[in-house]
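Take a look at the letters that make up each chain.
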Amino acid sequence: FNPCIGYGNIETAYSRFIGSKQLNITGFDINQSTIETSFLNLLSHNLNNINLFKKDSFDDRDDDQANYDLALANIPINLKFKDHNLMRYGDWNWLKIMINKTSNIGQVASVFPIGPLFHTKFREYRKELISENNIRAIIGLPSQIQENTSIPASIILIDKSTKWSSIYFADFSSKMLKFNEEEFE
């Protein structure tokens, strides 16, 4: 499940990583042309079980009652929310959706900005999330690793199948690796 599927690139990368084309992909996006591009991208990578919907993930009318085993996303960082309740949680809103949409044994992996992880404004939500003992790891990434933004990011991993007594932190923010094409062949 991806609440902000964009072009479906994280799904194609995941498919290559696990070596399987047998994925059930469900994704939302608010832009119809993005949905169409994502659909073509996923098909071009031989992924066939695709369910994409033009939908605002923050719409209160939740007609998608499914519980997913895995939620993957590269969230749109620093999206400007118009709704006051959504503004209050900022980028945490995406994580909340993914957690709520996964089953009791579900997992969440998301690219996430560093700011909300440490800003005092989000202390209460962090406490709530930590108290549930579902955060497995937070991996700090180098800045400028994402296209179109220099905002430092991380990968946050949540595993609802196990109660974790500690959170694994890895800081790769200064470990930018450079490769050329020959090294990938």
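Computed from a predicted structure; not experimentally measured.

### Concerning the side chain of serine 154
Okay, so step 1: Along the polypeptide, serine 154 turns up in strand E6 (residues 153-159).
Okay, so step 2: With near-sequence residues (within four places) excluded, serine 154 lies in contact with Ser110, Val111, Phe112, Pro113, Ile114, Leu117, Ile138, Ile139, Gly140 and Leu141.

### Notes on the nonpolar core
Okay, so step 1: Grouped together as the largest cluster of nonpolar side chains are 28 residues, with contacts concentrated most on Ile75, Trp92 and Leu95.
Okay, so step 2: Among the elements of the structure, strand E3 (68-74), helix H4 (92-101), strand E4 (102-113), helix H6 (123-131), strand E5 (135-140) and E6 are those that each provide at least two residues to this core.
Okay, so step 3: The dominant element in this core, judged by the number of residues it contributes, is H4, at 6 residues.
Okay, so step 4: Ile5, Leu23, Ile35 and Ile50 belong to the second-largest nonpolar core, a separate cluster that totals 8 residues.

### A closer look at the packing of aromatic side chains
Okay, so step 1: According to the stated counting rule, one finds 6 aromatic pairs in the structure shown.
Okay, so step 2: For the ring pair phenylalanine 1 and phenylalanine 28, a centre distance of 5.3 Å and an interplane angle of 80 degrees mean the geometry is edge-to-face. Placement of the pair is phenylalanine 1 in the segment before helix H1 (9-18) and phenylalanine 28 in strand E1 (residues 24-29), with a sequence separation of 27 residues. When sorted by exposure, phenylalanine 1 lands in the same class as phenylalanine 28, which is buried.
Okay, so step 3: Note on phenylalanine 1 and tyrosine 68: the rings are 4.8 Å apart at their centroids and 10 degrees apart in plane angle, and the pair reads as stacked. Residue phenylalanine 1 is found in the segment before H1, and its partner tyrosine 68 is found in strand E3; the two are separated by 67 residues along the sequence.

Basis of the calculations
Once a new chain begins, its residue numbering starts again from 1 and follows that chain's sequence as written. Restriction of local features to residues with pLDDT of at least 70 applies here, the model being predicted, together with a cutoff of 80 or more for giving and counting side-chain atom pairs; totals for whole chains, interfaces and linings are based on all residues. Only hydrogens and water are removed before side-chain values are computed, so all heavy atoms of the structure are retained for them. Each helix is a run of H or I in the DSSP string that is no shorter than four residues. Each strand is a run of E no shorter than two, and both are numbered from the N terminus. Residue contacts are counted whenever heavy atoms from the two residues lie within 4.5 Å of one another. Remark: nonpolar core denotes a set of buried residues (Ala, Val, Leu, Ile, Met, Phe, Trp, Tyr, Cys) joined through side-chain atoms within 4.5 Å. For the exposure calls, accessible area comes from a 1.4 Å probe over protein chains only, and a residue counts as buried if that area is under 20% of its type's maximum, exposed if over 50%, partly exposed in between. Pairing of aromatic rings covers Phe, Tyr and Trp, the last through its six-membered ring, and needs centres within 6.5 Å; plane angles under 30 degrees mean stacked, over 60 mean edge-to-face, and all others mean tilted.

In short, shape yes, function no, at least from these values alone.
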